[in-house]
Amino acid sequence: MAGETLVMTVTGPVPAGDLGKVLPHEHLFINLTKQIMIGGVINDADLIAQELAAFVEVGGRTIVDLTTNDNGRRATWLREVSQRTGVNIVMGCGYYREPYLNRNHVDELSIQELSEEIIREWRDGVADTGVRPGIIGEVGSEQHITSAEERVLRAAGLAHVATGLTVSTHAGRWPNGLAQIAILGAEGVDPRRIVVGHCDTVPSPDYHEAVARTGAYVEFDTIRGSSFYSTERRIGFILNLIRLGFIERILLSHDVCLVPHLLAEGGTGFSYIHGRFSELLLEAGLNKAEIEQLTIINPRLALTGE
Ligand SMILES: [Zn+2]
């Protein structure tokens, strides 16, 4: 249809209206062994196809895979499992964070050159595959934003200005989403095009509110049972932002990134949020329209920037 907004997936552009229920922060293939030795690699396409079947069973349609080159992204495998399962997969790009950054590379190139690598991939696809990213990230930091992390954040900001792709961040355990927004903002990124990741690993409603007030998305994305904090506490974070009038700023995801998170390994897999967790939100007083806002409308707008 003329004028219809498209989102780039690993199998090509898809109309934004067809994205359906979206998980905005997941990892289908990943390698976190720089920090986590046991269960830190997910690299089994058959297993992931099975896990995605469970996602389809709860009505899921689209997964955003925020793995980058430096932590095990697999462009052709993403395309293969998307074709096998019918799930839309939006692939990330850019540079992750310490200690995953390839410092020789990141320190050698200018910020401009780093951004050009992202822009080239957006334009031509991942080398030898043609698979094109539909979002920048995850890119970010933990306790302190190091100089290398700041440089790749700035490169992500420049690449956003050139490509229009949303920037999704890793702001794990420490409340540095606001500093990330400031750095990206200095490169010309409107906060409405920024998703601040892992906000539910920072147990501060004041922080969540401050991020929402900038206009950025507040992503509660470690929703997988009692990971970090209890499910009750996490629902409290969501209810608090809704009460403050920020339902349009909230995103929900599982951040599956370790083998024990998978359904086959006793975890909650990719089907918890649209399954059991949605029931818990109903029990907590949300209505169906509000759940649709959180799981369909918000992630679509986060991807398209409309
Ligand atoms: Zn992360």
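Look up: the structure comes first, before these words.
Which parts of the structure should I look at to understand the sheet that holds strand β8 (residues 136-141)?
Strand pairing in a sheet relies on backbone hydrogen bonds. The paired strands run either parallel or antiparallel. With respect to topology, 5 strands assemble into an open sheet ordered β8-β9-β10-β11-β12, the strand pairing being parallel. The open sheet has two edge strands, β8 and β12 (250-252), and neither has a second partner. Taking the axes of each pair of neighbouring strands and ignoring which way they run, one obtains an average angle of 25 degrees across the sheet. Bridging between strand β9 (residues 167-171) and strand β10 (residues 194-197) involves 4 bridges; their strand directions are parallel. Bridge assignment links Val167 to a residue of β10, and that residue is Ile194. Lying over the sheet, helix α8 (residues 231-243) contacts β11 (217-220) and β12, oriented at roughly 160 degrees with respect to β11. Together, β10, β11 and β12 form the strand contacts of helix α10 (residues 288-304), whose direction differs from that of β12 by roughly 110 degrees.

Just checking my understanding: could you explain the sheet that holds strand β3 (residues 21-26) for this structure?
Reading across from one edge, β3-β6-β7 is the order of the 3 strands in this open sheet, with parallel pairing throughout. Of all strands in the sheet, those bounded by a partner on one side alone are β3 and β7 (88-91). Mean inter-strand twist for the sheet, computed between neighbouring axes without regard to direction, equals 20 degrees. In this sheet, strand β6 (residues 60-65) lies alongside β3 in parallel orientation, the contact comprising 4 bridges. Looking across to β6, one finds that Lys21 is bridged to Gly60.

When you look at α10 in this model, what are you seeing that I'm missing?
Here α10 contains 17 residues, and its C-alpha end-to-end distance of 23 Å stays within 8% of the 24 Å for a straight helix at 1.5 Å per residue. Helix geometry: α10 is bent most strongly at Leu294, by close to 35 degrees. Of the positions making up α10, those classed as buried are Leu294, Thr295, Asn298, Pro299, Arg300, Ala302 and Leu303. Phi for Gly305, located one or two positions after α10, is positive at around 75 degrees.

Please explain the packing of helix α1 (residues 45-57) against helix α2 (residues 75-85) as it appears in this structure.
For any two helices packed against each other, the geometry is given by the interaxial angle and the distance between the axes. One way to put it is that α1 packs onto α2 with a least axis distance of 10 Å and a crossing angle of 45 degrees. Considering the angle they form, α1 stands oblique to α2. In this structure, α1 crosses over α2, and the sense of that crossing is right-handed. Here Ala45, Ile48, Ala49, Leu52, Ala53 and Val56 of α1 lie close against α2, whose contacting residues are Trp77, Glu80, Val81, Arg84 and Thr85. In terms of residue class, the contact of α1 with α2 is built from 8 nonpolar, 1 polar and 2 charged.

Explanation requested: the environment of His27 in the structure shown.
Position of His27 among the secondary structure elements: in the loop between β3 and β4 (30-31). A tally of 26 C-beta atoms within 10 Å means that His27 is categorised as buried. Counting along the chain gives 229 residues from His27 to Val256, while the straight-line C-alpha distance between them is 5.6 Å. Contact partners of His27, with chain neighbours within four places excluded, come to Ile42, Asp65, Leu66, Thr67, Val256 and Cys257.

What is the right way to read the pairing of strand β2 (residues 12-15) from this model?
Looking at chain direction, strand β1 (residues 6-9) and β2 are connected through 4 bridges and run antiparallel. Counted as the bridge partner of Val7 is Val14 from β2. Between β1 and β2, which pair antiparallel one after the other, the connecting turn spans 2 residues.

Explanation requested: the nonpolar core in the structure shown.
Soluble globular proteins: nonpolar side chains tend toward being buried together. Within the largest apolar cluster, 80 residues are counted, with the highest numbers of intra-cluster contacts made by Ile136, Ala156, Ile194, Val196 and Val218. For this core, the element with the highest residue contribution is helix α5 (residues 147-163), accounting for 6 residues. The contact partners of Ile194, leaving out residues within four places of it in the chain, are Val167, Thr169, Ile181, Leu184, Val189, Ala216 and Tyr217.

Parameters and conventions
Residues numbered from 1 in each chain as written. Predicted model: local features only at pLDDT ≥ 70, side-chain atom pairs only at ≥ 80, totals over all residues. Pairing = 2+ DSSP bridges. Helix = DSSP H or I, 4+ residues; strand = E, 2+ residues; numbered from the N terminus. Axes fitted to C-alpha atoms, helices over the stretch in contact; angles between N-to-C directions. Contact = placed C-beta atoms within 7 Å. Expected span 1.5 Å × (residues − 1). Bend = angle between axes of the 7 residues up to and from the residue. Buried ≥ 20, exposed ≤ 12 C-beta atoms within 10 Å, placed from the backbone. Parallel < 35°, antiparallel > 145°, perpendicular 65-115°, else oblique. Left-handed = near helix turned anticlockwise from the far one by under 90°. Nonpolar A, V, L, I, M, F, W, Y, C, P; charged D, E, K, R; others polar. Core = buried A, V, L, I, M, F, W, Y, C linked by C-beta atoms within 7 Å.

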